[in-house]
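One-letter residues, chain by chain:
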Amino acid sequence: MSRHTLRIEVEGLSCAGCAGRAERALQSVPGVSDVSVNFANGSAQMIADGADLAQITQALQAANYPAREATTTLTVTGMTCASCTGRVERTLTGQPGVLNASVNLASETATVRYLPGATDPAQLARAVTESGYPTRPSEDTDQNDQSARRQAEIDHARRMTLIAMALALPVFVLEMGSHTIPGFADLIQGTIGRTTSWVIQFALTTLALIWPGREFFTKGVPALLRGAPDMNSLVALGTSAAWGFSTIALFAPALLPQGTRAVYFEAAAVIVALILLGRWLEARAKGRTGAAIQKLIGLQAHTARVERKGEITEIPIDEVGVGDTLHVRPGEKIAVDGDVTGGTSYVDESMISGEPVPVEKATGDTVIGGTINGEGALTFRATKVGRDTMLAQIISMVEEAQGAKLPIQSLADKVVRIFVPTVIAVALVTIAAWLAFGPDPALTFALVAGVSVLIIACPCAMGLATPTSIMVGTGRAAEQGVLFRKGDALQSLDEARVIAFDKTGTLTEGHPRLTRISTTNGHEENDTLRLVAAVEGQSEHPIARAIETAAQDRGLTVPRPESFKAISGFGLSARVDGHDLLVGATRLMEREGIDTAPLADTLAEMGARGETPVFAAIDGQLAALLAVADPVKDSSRAVIDALHARGLKTAMITGDTRATAQAIAADLGIDHIEAEVLPDGKVNAIKALRDAFGPVAFVGDGINDAPALAEADIGLAVGSGTDVAIDSADVVLISGDLSGVVNAAHLSRATLRNIRQNLFWAFAYNTALIPVAAGVLYPLTGTMLSPMLAAGAMALSSVFVLSNALRLRRVKPAMERAAA
């Protein structure tokens, strides 16, 4: 199979170390590169260039982090023989993410085993349909909804937490009550007795370890035996040590030195309960990090009203094909992308572009799947369905960005890779040090310190620090109409020192417009414009279109010329309504001996503003000077000012004359100009800016901007631009409004700041508390860190990192869009 991006879901990830080992396992597969395993959402993303899917799944299985598999049943029609079934099977097995497929001619079904994330039943059905056999997912097919699975994970974590707490609470009360509540120890001794109390604690703690806590052992012990311990291994070691010591103290006290007979069942039980509580809170928080994706998925329509054979029927969205005619009633959700063939209405596209004002739609206009129709009825032809729709591509872009790995994460990855083995070594050294130098009972102190080190040092917070912030940050950006197509674009944009803009269509509206008309010698403005527009109507020049459009916008009746002649290199001459007209540049007036002095000052002003002057003479006398320019977008000046306020340099790259470029740059306050640049020279202009200022972000919209977008350290494509430009960019501004540049920079900085906060907390937490857990403060304070407090602090660390990442959901746009 050709080179493509493959995204799959991975099971068994419980810490950053797990993600690192799964990543290395995938990197060992021939043909696999650019691997990124995301602990926060349990996914793996990679470039597969001819890689064998079976080898990928086997590598993950061998590492004990299997790829999640699913099976779906498709209903296939149109098959008549074994050749048909073979073709359907080959179509299915040729799809990315399909492990195997079996087609049954008699039942007209296909059973497919596949990797969720790489494909889905709807995509598989569409592929078979396109091969000539109409197919749809069976009604009872498990759609493997990610939100449902995440909710099931949260429910399971909650259930196990509550069971663990119910088992740990009596143990905690029986043991700690004897140490903290006056008279409680005597009450226990006088009723059930201390030994019976310990037996009860043993029974409840054992049940807690083998029921809600069994996952720590089923995952942690095999990992430890393979020489690749993870956080489950740490918990398994710590709780086993506390439980084992206490069990010996209860049933075989003679094996322990005198004075060390004590039980720590409450530590083992409460550790399990607190860590499961942390995982429950973590699962809930991780569910919220993907809220933006779920919101986007929720925009998709489930059914569509399609006209087939003269009848309108409502069918599942998966069965809509390219070319189908769809009908949309007022207030309904538009099902797929298409071109309007009938009706008029206003469509709310805010969920896609963030633009609050509904957009008018009529015959020939494009509609986008997931948007909401207004009060009119529309008929449109489907042009893109399934994964080809804009909404599906947006979802795919956001998922890809969320699965990416930022350069800033590399340090955390290196630390996590050696962290767990180092922690085990530190715990062993701690135990040895307490046994050698600690006061009596040294064995008890050694156990408490060793277990505390094992429990408090879990690297979960380190593993969550970066991916959770990326997930929330890119999701929030999508809600604001900014698509980070690549996750590392977040960091690249934050590091940019100069923002360079293409001029035409980016800073300006992209089409010439009449901006001013000055008359002289008693000529009236509208009448003159009417006559000039009649002449320009015979020309194909863009300036001619601008003048003709201006006359139409004013509601003027434009007559047809009686005669017309183009004067090459000079302008136009014509006879209109009995008048002889000359329309063109200064040199035309000079050639015809017409004095332009009355409008000389106006001509100078136009030159200073970079406008194109057009003279008009009527019956041999100067009549008017018209100014045509590509107007600057209303938001451009505010955007440049906002970027300057953020300490960024700005530049403009244009093929226009230096005079025009300087005029626009002076008007907008742009710092640097690269003018008279040929289309193939924009790449060199980017390189020159990089040499002068540092990392460059380039904003463009046209086909000729694609090389520059690719060359820049970070390319931002205006969403109203061409597909080629968008495909070459790292960031897409869906609405086409330049305020998205400021918002993208703002979100980039906010997300990177959030990541740095998380990494600082995770590193500082472990650096500071491991020595405390080892007992370094005991000589000064006479107290040790309880393993229970260590478990609580460990859980709190992960929850803090997740909560901090979720703050990005509240980031407001740094700059509102310009009013329509």
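Since we're looking at a predicted model, the values are computed, not measured.

**Quick notes on the overall build of the chain**
Consideration 1: When helices and strands are tallied, the chain shows 30 helices and 29 strands.
Consideration 2: Taken along its principal axes, the extent of the C-alpha atoms in the chain is 125 × 75 × 50 Å.
Consideration 3: Across the 820 residues that make up the chain, the buried fraction comes to 53%.
Consideration 4: Within the chain, residue pairs in contact and separated by at least 24 positions form 69% of the contacts whose partners lie at least 6 positions apart.
Consideration 5: Summed over its atoms, the accessible surface of the chain is roughly 34,400 Å², and 55% of this surface lies on carbon and sulfur atoms.
Consideration 6: One way to put it: in the chain the 68 positive side-chain charges average out to a point 8 Å from where the 85 negative ones average out.

**Topic: the UniProt feature "transmembrane region" (unreviewed entry) in the chain**
Consideration 1: Mapped onto the present numbering, the UniProt feature "transmembrane region" (unreviewed entry) falls on residues 159-176, 196-213, 234-256, 262-281, 415-437, 443-466, 759-778 and 784-806.
Consideration 2: Annotated as residues 159-176, this span is 100% helix and 0% strand, and its ends, taken at the C-alpha atoms, are 25 Å apart.
Consideration 3: Spanning residues 759-778, this segment combines 85% helix with 0% strand, and its end C-alpha atoms are found 29 Å apart.

**Regarding the sheet that holds strand β5 (residues 98-104)**
Consideration 1: Taken in spatial order, the four strands of this open sheet run β5-β6-β4-β7, and their pairing is antiparallel. Unpaired on one side and paired on the other, β5 and β7 (135-137) mark the two borders of the sheet. In this sheet, adjacent strand axes meet at a mean angle of 25 degrees when their direction is disregarded.
Consideration 2: Judged from the six bridges that link them, strand β4 (residues 70-76) and strand β6 (residues 109-114) form a sheet pairing that is antiparallel. Looking across to β6, one finds that Leu-74 is bridged to Ala-110.
Consideration 3: With respect to the sheet, helix α3 (residues 82-93) is in contact with β4, β5 and β6, its orientation differing from that of β5 by roughly 160 degrees.

**Section: the UniProt feature "domain: HMA" (unreviewed entry) in the chain**
Consideration 1: Under the present numbering, the feature "domain: HMA" (unreviewed entry) in UniProt falls on residues 4-68 and 70-136.
Consideration 2: Secondary structure within residues 70-136 divides into 33% helix and 33% strand; the distance between the first and last C-alpha atoms comes to 17 Å.

**Things to note about the pairing of strand β20 (residues 563-567)**
Consideration 1: With five bridges connecting them, β20 and strand β21 (residues 571-576) associate as antiparallel partners. When the bridges of β21 are listed, Phe-564 appears paired with Ala-574.
Consideration 2: Here β20 folds back onto β21 in antiparallel fashion, the turn holding three residues, of which Gly-569 has a positive phi close to 85 degrees.

**Thoughts on the packing of aromatic side chains**
Consideration 1: If you walk through the whole model with that rule in mind, you get seven aromatic pairs.
Consideration 2: Between Phe-202 and Trp-243, the ring centres sit 6.0 Å apart and the planes meet at 25 degrees, which makes this aromatic pair stacked. Here the residue Phe-202 occupies a position in helix α7 (residues 194-210), and Trp-243 occupies one in helix α9 (residues 231-251), the gap between them amounting to 41 residues.
Consideration 3: On the basis of an interplanar angle of 75 degrees and a centroid distance of 5.5 Å, the ring pair of Trp-434 and Tyr-778 is categorised as edge-to-face. Taken as a pair, Trp-434 in helix α14 (residues 409-437) and Tyr-778 in helix α29 (residues 778-781) lie far apart in primary sequence, 344 residues in all.
Consideration 4: Among the residues examined, Tyr-778 registers a relative accessible area of 21% and is labelled partly exposed.
Consideration 5: One aromatic cluster in this structure is built from Phe-202, Trp-243, Phe-251 and Phe-265.
Consideration 6: Cation over ring: Arg-591 sits above Phe-570, and NZ or CZ is 5.0 Å from the ring centre.

**A few points about empty space enclosed by the protein**
Over the atoms, a rolling probe the size of a water molecule traces out where space has been left empty.
Consideration 1: For the structure shown, the criterion picks out three cavities of 30 Å³ or more.
Consideration 2: Around the largest cavity sit ten residues that line it, and Ile-275, Gly-278, Arg-279, Glu-282 and Met-794 are the ones nearest its centre.
Consideration 3: Of the residues contributing to the lining of the largest cavity, the split by class is six nonpolar, two polar and two charged.
Consideration 4: By volume, the second largest cavity amounts to about 40 Å³.

**Here's the deal with the pairing of strand β28 (residues 714-718)**
Consideration 1: Among the five residues of β28, five are classified as buried, and the element is accordingly described as predominantly covered.
Consideration 2: Of the two faces of β28, the one carrying Ile-714, Leu-716 and Val-718 and the one carrying Gly-715 and Ala-717 are both buried.
Consideration 3: Of the pairings in the sheet, the one linking strand β27 (residues 696-700) to β28 comprises four bridges and is parallel in character. The partner of Ala-697 across the bridge, within β28, is Ile-714.
Consideration 4: Pairing between β28 and strand β29 (residues 731-733): three bridges, direction parallel. Within β29, the position partnered with Val-718 by the bridge is Leu-733.

**So, helix α2 (residues 53-62)**
Consideration 1: Here α2 has its buried residues at Leu-53, Ile-56, Thr-57, Ala-59 and Leu-60. Summarising the axial view, the buried residues of α2 lie within an arc of 155 degrees, below the 170-degree limit, and thus occupy one face. In α2, those exposed residues whose orientation departs by more than 90 degrees from the buried face are Gln-58 and Ala-62.
Consideration 2: With its phi angle positive at about 70 degrees, Asn-64 sits one or two positions after the end of α2.

Procedures and definitions
- Residues numbered from 1 in each chain as written.
- Predicted model: local features only at pLDDT ≥ 70, side-chain atom pairs only at ≥ 80, totals over all residues.
- Heavy atoms only, no water.
- Helix = DSSP H or I, 4+ residues; strand = E, 2+ residues; numbered from the N terminus.
- Buried < 20%, exposed > 50% of the residue type's maximum accessible area, 1.4 Å probe, protein only.
- Contact = heavy atoms within 4.5 Å.
- Areas by Shrake-Rupley, 256 points an atom, 1.4 Å probe, with all protein chains shown as cover.
- Lys, Arg positive; Asp, Glu negative; His and termini not counted.
- Charge placed at Lys NZ, Arg CZ, Asp CG, Glu CD.
- UniProt positions renumbered as here; feature names shortened; annotations may be inferred.
- Pairing = 2+ DSSP bridges.
- Axes fitted to C-alpha atoms, helices over the stretch in contact; angles between N-to-C directions.
- Phe/Tyr/Trp six-rings, centres within 6.5 Å; stacked < 30°, edge-to-face > 60°.
- Lys NZ or Arg CZ within 6 Å of the ring centre and 35° of its normal.
- 1 Å grid on protein atoms, 1.4 Å probe; cavity = no way out; pocket = protein on both sides within 12 Å on 5 of 7 lines; lining within 4 Å.
- Points joined across faces, edges and corners; volume = space filled by probe spheres on them.
- Nonpolar A, V, L, I, M, F, W, Y, C, P; charged D, E, K, R; others polar.
- Arc of directions from axis to C-beta.

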